[in-house]
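Residues per chain, in single letters:
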Amino acid sequence: MNAARIPLVAGNWKMNTTVPEGLALASELRALALPDGVEVAVLPPFTHLWPLYDALGGRFALGAQDAFWEDAGAYTGEISPASLSGWCDYVLVGHSERRHLLGETDEQVSHKLRRALTHDLRVIVAVGETLDERERGSTIDVVRRQISAAFEGVCLAELERCVVAYEPVWAIGTGHTATPEHAQEVCHVIRTLLDELDPAADGERQRILYGGSVTGENAAALFGEHDIDGGLVGGASLNPAEFFAIIVAAARSGAIT
Ligand code: PGA
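Rules used in this analysis
- Residues numbered from 1 in each chain as written.
- Predicted model: local features only at pLDDT ≥ 70, side-chain atom pairs only at ≥ 80, totals over all residues.
- Heavy atoms only, no water.
- Helix = DSSP H or I, 4+ residues; strand = E, 2+ residues; numbered from the N terminus.
- Rg over C-alpha atoms; globule rule 2.2 N^0.38 Å.
- Buried < 20%, exposed > 50% of the residue type's maximum accessible area, 1.4 Å probe, protein only.
- Contact = heavy atoms within 4.5 Å.
- Areas by Shrake-Rupley, 256 points an atom, 1.4 Å probe, with all protein chains shown as cover.
- Lys, Arg positive; Asp, Glu negative; His and termini not counted.
- Charge placed at Lys NZ, Arg CZ, Asp CG, Glu CD.
- Near = heavy atom within 4 Å.
- Polar contact = N/O pair within 3.5 Å; in protein donor to acceptor, adjacent residues only side chain to side chain.
- Nonpolar A, V, L, I, M, F, W, Y, C, P; charged D, E, K, R; others polar.
- Pairing = 2+ DSSP bridges.
- Axes fitted to C-alpha atoms, helices over the stretch in contact; angles between N-to-C directions.
- Salt bridge = Lys/Arg side-chain N within 4 Å of Asp/Glu carboxyl O.
- Core = buried A, V, L, I, M, F, W, Y, C linked by side-chain atoms within 4.5 Å.

A. Structural context of the overall build of the chain. Within the chain, the secondary structure is distributed over ten helices and eight strands. Relative to its length of 257 residues, the chain is compact, with a C-alpha radius of gyration of 17 Å against a globular reference of 18 Å. Dimensions along the principal axes, computed over C-alpha positions, put the chain at roughly 45 × 45 × 35 Å. By residue count, 54% of the 257 residues in the chain fall in the buried class. Of all intrachain contacts in the chain linking residues separated by at least 6 positions in sequence, the fraction that spans at least 24 positions is 73%. With an accessible surface of roughly 10900 Å², the chain has 53% of that area assigned to carbon and sulfur atoms. Charge centroids of the chain, computed over 19 positive and 36 negative side chains, lie 2 Å from each other.

B. Main features of the site of the ligand. Inspection of the region around the ligand gives 13 residues, with Lys14, His95, Glu167, Gly173 and Ser213 positioned closest. Measuring from an oxygen atom of the ligand, one finds a backbone N or O atom of Gly173 at 2.7 Å. Measuring from an oxygen atom of the ligand, one finds a backbone N or O atom of Gly235 at 2.8 Å. Notes on the ligand: free accessible area 280 Å², of which the protein chains cover 95%. Looking at side-chain class alone, the shell around the ligand contains four nonpolar, seven polar and two charged residues.

C. Layout of the pairing of strand 5 (residues 122-127). In terms of residue burial, strand 5 counts as a mostly covered element, since five of its six residues are buried. Taken together, the four bridges between strand 4 (residues 90-93) and strand 5 define a ladder with parallel strand orientation. Residue Val93 lies in a different strand from strand 5, and its bridge partner there is Val125. Of the strand pairs in this sheet, strand 5 and strand 6 (residues 162-166) are connected by five bridges, and their pairing is parallel. Note that in strand 6 the partner of Val127 across the bridge is Tyr166.

D. The arrangement of the sheet that holds strand 3 (residues 61-64) in detail. Read around the barrel, eight strands follow the order 1-2-3-4-5-6-7-8 and close on themselves; strand pairing throughout is parallel. Strand-to-strand twist in this sheet, taken as the mean axis angle between neighbours without regard to direction, amounts to 25°. Bridging between strand 6 and strand 7 (residues 207-211) involves four bridges; their strand directions are parallel. Paired with Val163 across the strands is Arg207, a residue of strand 7. Strands strand 2 (39-43) and strand 3 of the sheet are contacted by helix 2 (residues 46-55), whose axis makes an angle of about 160° with strand 3.

E. Focus on the pattern of salt bridges. Per the counting criterion, the structure on display carries 19 salt bridges. Residue Glu204 is joined to Arg5 by a salt bridge in which the shortest nitrogen-to-oxygen separation is 3.2 Å. Placement of the pair is Glu204 in the loop between helix 8 (180-197) and strand 7 and Arg5 in the segment before strand 1 (8-12), with a sequence separation of 199 residues. Its salt-bridge partner being Arg122, residue Glu39 comes within 3.3 Å of it at the nearest N-O pair. Taken together, the positions of Glu39 in strand 2 and Arg122 in strand 5 put the pair 83 residues apart, joining distant regions of the chain. The class of Glu39 is buried, set by a relative accessible area of 17%. Several salt bridges converge on common partners, so that one network encompasses Arg5, Arg191, Glu204, Asp227 and Asp229.

F. Quick look at the nonpolar core. Within the largest apolar cluster, 65 residues are counted, with the highest numbers of intra-cluster contacts made by Leu84, Leu113, Ile147, Phe151, Ile190, Tyr210 and Phe223. The contacts of Leu113, once residues within four sequence positions are left out, are Val93, Val123, Val125, Ala150, Phe151, Val154 and Cys162. Core analysis: the second largest hydrophobic core is formed by 13 residues, Ala10, Ala41, Leu92 and Leu232 among them.

Structure (structure tokens):
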């Protein structure tokens, strides 16, 4: 973490909790004494977004787990970024579960990113290699390809509304967290790539998150790395005590460096 960047902890609930369960979880989150110096976002299922907008009491940023690349039309089941604009803070695009389970392509991720940006949403762009790609030594190539495809045609002002989350696929939901050294190495490359996107870009100002089996126990070591500015948290975000420990670790990492 670098003191110039405010850490972000984003809880991705994925397809978990019913609406009443989500509201109950939100009221537990609302009772937490959030530390200063960290931004905390909650990304619940779409059905929960509007009720949580009230239930979270404005103390947490709110994010959608995805949004479509068109504003309106005959796209059954899709969610328009226009419908999120003005009250939702973040949209996540390119999560590996969408890339690998649903076949989402780099090009589709790029369309979604650009459309969300036209609606003044902030966008978390997830990138990361599979185990097979890692074993073949192509982690950096994969991340470079995903970043350059996603940010194609994005201007500097838009880039500054984006956060990249490095999420090695082999670490997601597996308990096999990347070592802080590995996560730092890749996040550093991501920062360099963001820097190269525009001659005026300042990679040092961009927030880069790590995601993949982040827990209250490993968060401090991960967030202590220079190029890691917080986490995208799945499973642990469903447990308020665990999520709180991660939030505190992020706040401390911002205060120390
Ligand atoms: P995990 O998920 O923390 O459960 O590994 C992270 C993510 O998929 O965003």
